[in-house]
Amino acid sequence: MKFGPASPAEALGGVTVHTLRQGDLVLKKGTTIGADEVAALKRAGVKEVVVVRLEDGDISEDAAAASIAQAVAGEGVIVERAFTGRANLFAAKPGILVIDRTAVDRINGVDEAITFATLDAFKPVVENEMIATVKLIPFGVAASLRDAAVKAAGGTAMRIAPYQVKKVGIVSTLLPGLSPKVIDKTLRVTEERLAPAGARIIAERRVPHDETVLAKTIDELLRLGAELVIVFGASAIADRRDVIPAAIEQIGGTIQHFGMPVDPGNLLLIGKAGDVPVLGAPGCARSPVENGFDWVLMRLLAGLEVTRKDLVGMGVGGLLMEIVTRPQPRAPAETDGNRSVAALVLAAGRGTRMGGPNKLLAELNGKPLVRIVAEHVLKSKASSVTVVTGHQAADVERALRGLNVTFVYNPDYPDGIASSVKAGIAAVPRDADGAVVCLGDMPLIDTTLIDRLIDAFAPDRGHLIAAPVSEGRRGNPVLWSRRFFPELMTLDGDVGARNLIMKHAEAVADVPVEGRGAFLDIDTPQALEEARGS
């Protein structure tokens, strides 16, 4: 392949390497130079253009990418038509992506001109999801390199294993203190996990945490036609001789492996009763957040065997996101608890919807709104109060004169409320275990509510976020564990943290409230009049 500058006449038949703009002429990268392009280049006064030409024995980028993509595509994989040297591959049906890692490495090792990238091996995929791409770096390659890459594919480097297991039986063992609500939630979470695979729970049983009773129940589910049995123990499996593995062996089953180097998910057990897999679920399987249980469950639903070798190979990448409701977090113990909760009062906004003066300085019962909020917070159990200012900062500080608060200025306040949340979170004292975020334009929030939020903050019970709720609707203020501070620092725009509350719903402690105080922010003159009426 030849590469280099050429005059317009010499460029005939070549392909442009760069996009060329001169006067009214725009010649895009990858354009094949024909007679019309030569004439246009001359009219524009272009003396030289960089082009590439294929030589004998070369193959175009699109032809090479298409050939390699077809060579790697196995069952359930669709290859899109190659364009600009790229051929994308898609899943033809839902299932688990199975990849021959050595084949991928061989293809990428042929030459720097040829690249092949895929999603993670064993990833659950949906129909029409992009799973891989073949990209040629130059505009063409020697046909011999294309042939070497095709050979390196070894037939099929990737395929989709379709879901096969459709009938699942569930057993929950019981001990005193295990709430029925926990089991109900576990079933809902499990149904959601099974849904993408088209699987369903055909029967669920709740029995004492007893080896003999559990063995009979597993056997019952197998006779009902379960193709997979999952056991959620009231107590975590501690040993191969514990209740759940002992019950599997009592019905003639075998224990294939106990434990896995994935956290959360360490205490997972894989057994078999005849040809039917039996999973002893780790405690984290009760959470909807991805954990090691998902990695094994989805493979089994696709009929893929999960061997000891597979499990021990999961260690790299096996440290997953923390399950936030864990009673014993990895973070040092002093970073959570309700011993010290700081308060933030956001008072930086411009309040443009008020259509006039700064709404935070508008008076209610003879006091500026922001001062009313600050006084309520100061009387609460909050260990400190930080006020985030921005628009008319000096005026807001004057309105709070004499109060024991710390001021933090947010220079990015025009960007929206997220910038004020981040400025406030960055200023929370290091010894605080959490922060309750209050809005400076919500004067009907009282000290009692703030104290109730602080009392509801109980990390040892998984309550890491506390929010007021009425008739299914959440309001403000919201209390956040320090564990969420890094995520709060990623907020952007004028949305606030509502999406984070939805993301971590299992960590939210709802505090029932009455009245409008937790929902009425003074955004308009009408809202101010409503507050005055209240």
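Everything here concerns the structure above.
The structure presented is a predicted model; accordingly, all values stated were derived computationally and were not measured.

Caption draft 1: Region of interest: the pairing of strand S16 (residues 200-208). Taken together, the eight bridges between strand S15 (residues 167-174) and S16 define a ladder with parallel strand orientation. Along S16, the bridge assignment pairs Leu-174 with Pro-208. Taking the sense of rotation as the criterion, the β-α-β connection linking S15, helix H5 (residues 180-194) and S16 turns out right-handed.

Caption draft 2: Summary view of the nonpolar core. Ranked by size, the top nonpolar core spans 64 residues in total, and within it Val-377, Ile-425, Val-428, Val-436, Leu-479, Trp-480 and Leu-488 carry the most contacts. Looking at this core element by element, the count peaks at seven residues for strand S21 (residues 341-347). Non-local contacts of Val-428, meaning those with residues more than four positions away in its chain, are made with Ala-342, Leu-344, Ala-435, Arg-482 and Phe-485.

Caption draft 3: Region of the structure containing the pattern of salt bridges. A full pass over the atoms with the stated rule returns 16 salt bridges. Across the salt bridge formed by Asp-184 and Arg-206, the nearest N and O atoms sit 2.7 Å from each other. Placement of Asp-184 in helix H5 and of Arg-206 in strand S16 is noted, with a sequence separation of 22 residues between them. Residue Asp-184 is classed as partly exposed on the basis of its relative accessible area, which comes to 31%.

Caption draft 4: Examining the packing of helix H3 (residues 101-108) against helix H4 (residues 143-153) more closely. Contact geometry for H3 and H4: axes closest at 8 Å, N-to-C directions at 170°. Our classification of the angle between H3 and H4 gives roughly antiparallel. Contacts between H3 and H4 involve Ala-103, Arg-106 and Ile-107 on the former and, on the latter, Ala-149, Ala-152 and Ala-153. Of the residues belonging to the contact of H3 with H4, the class tally is five nonpolar, no polar and one charged.

Caption draft 5: Spatial organisation of unusual backbone geometry. Between Asp-263 and Pro-264 the backbone carries a cis peptide bond, its omega angle lying at 5°. Here Pro-264 shows up in the loop between strand S18 (254-258) and strand S19 (269-273). The amide bond that connects Asn-476 to the next residue, Pro-477, takes the cis arrangement and shows omega of 0°. You can see Pro-477 is positioned in the loop between strand S28 (473-474) and strand S29 (478-481). For Gln-392, which is not glycine, the phi torsion reads 50° and is therefore positive. Looking at the secondary structure, you find Gln-392 in the loop between strand S24 (385-389) and helix H11 (393-399). For Glu-471, which is not glycine, the phi dihedral falls at a positive 55°. Take Glu-471: it is sitting in the loop between strand S27 (465-470) and S28. What makes Glu-471 exposed here is its relative accessible area of 85%.

Definitions and cut-offs
Residues numbered from 1 in each chain as written. Predicted model: local features only at pLDDT ≥ 70, side-chain atom pairs only at ≥ 80, totals over all residues. Heavy atoms only, no water. Pairing = 2+ DSSP bridges. Helix = DSSP H or I, 4+ residues; strand = E, 2+ residues; numbered from the N terminus. Right-handed = clockwise from strand over helix to strand, strands pointing away. Core = buried A, V, L, I, M, F, W, Y, C linked by side-chain atoms within 4.5 Å. Buried < 20%, exposed > 50% of the residue type's maximum accessible area, 1.4 Å probe, protein only. Contact = heavy atoms within 4.5 Å. Salt bridge = Lys/Arg side-chain N within 4 Å of Asp/Glu carboxyl O. Axes fitted to C-alpha atoms, helices over the stretch in contact; angles between N-to-C directions. Parallel < 35°, antiparallel > 145°, perpendicular 65-115°, else oblique. Nonpolar A, V, L, I, M, F, W, Y, C, P; charged D, E, K, R; others polar.

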